[in-house]
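# Topology and contacts: notes
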Amino acid sequence: LETKMGRYGYSYKLLSTYANQAKVIITSRIHVGLPAAAMGVPVIFIEAANGALPGGKQRVGRVEGLLDVFHRVEPLHGKNWTFGDLSD
């Protein structure tokens with residue numbers, strides 16, 4: 001992953017895996033969840049206990065509404081594994 005082309009290749013491989021093999025993705029990373037959701041793969045998004053996105057302290061603002069595309073686990077609000085039907 002030392003070169004730009006190496007990073008592109010790695011990204012392409014990950015996105016191809018999401019699109020062609022994943023049945024569901026469980027993540028706390030929005031940059032993983034959004035592309036997967038866009039490809040129609042169900043995403044279970046694990047929120048941080050403090051309600052902020054991992055790696056940041058932001059609860060709303062630039063990401064407001066984006067989290068609505070995921071099934072979410074919200075430990076802060078006592079909501080745990082509340083997601084819909086994941087069957088095909």
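On a predicted model such as this, the values are computed, not experimentally measured, just so you know. Sequence order as written defines residue numbering, which begins from 1 separately in each chain. With the structure being a predicted model, the display of local features is reserved for residues of pLDDT at least 70 and the display and counting of side-chain atom pairs for 80 or more, all residues being used for whole-chain, interface and lining totals. In computing side-chain values, all of the structure's heavy atoms are included and hydrogens and water are not.

### Topic: the overall build of the chain
Definition in use: Each helix corresponds to a stretch of at least 4 residues labelled H or I by DSSP, and each strand to a stretch of at least 2 residues labelled E; elements are numbered beginning at the N terminus. For every residue, the accessible area (1.4 Å probe, protein chains only) is compared with the maximum for its type, and the residue is labelled buried under 20%, exposed over 50%, or partly exposed between those bounds. Contact criterion: two residues are considered in contact whenever any of their non-hydrogen atoms come within 4.5 Å of each other.
Helix and strand content of the chain: 2 helices and 4 strands. Going from the N terminus to the C terminus, the chain shows its helices and strands as α-β-α-β-β-β. In the chain, which comprises 88 residues, the proportion classed as buried is 24%. The contacts of the chain with a sequence gap of at least 6 include a subset with a gap of at least 24, amounting to 42%.

### Considering the pairing of strand 2 (residues 43-46)
Strand residues, when the strand is regular, have side chains that alternate between the two faces of the sheet. As a reminder of what qualifies: Two strands are counted as paired when DSSP detects at least two bridges linking them. Orienting the strands away from the viewer, one traces the path from the first strand over the helix to the second; a clockwise path indicates a right-handed crossover.
The sheet contact formed by strand 1 (residues 25-27) and strand 2 spans 3 bridges and is parallel. If you follow I26 over to strand 2, its bridge partner there is I44. Between the parallel pair strand 1 and strand 2, the chain is carried across by helix 2 (residues 30-38), and the sense of this crossover is right-handed.

### Observations regarding the nonpolar core
Operational definition: For this analysis, a nonpolar core means a set of buried residues of the types Ala, Val, Leu, Ile, Met, Phe, Trp, Tyr and Cys, connected via side-chain atoms within 4.5 Å.
Ranked by size, the top nonpolar core spans 10 residues in total: Y18, I25, I30, V32, A36, V41, V43, F45, L67 and F70. Elements with a contribution of two residues or more to this core: helix 2 and strand 2. When residues of this core are assigned to their parent elements, the largest contribution, 3 residues, is made by helix 2.

### Things to note about the side chain of T27
The residue T27 is located in strand 1 in this model. Given the relative accessible area of 9%, T27 is considered buried. Not counting chain neighbours up to four residues away, the residues in contact with T27 comprise V32, G33, V43, I44, F45 and I46.

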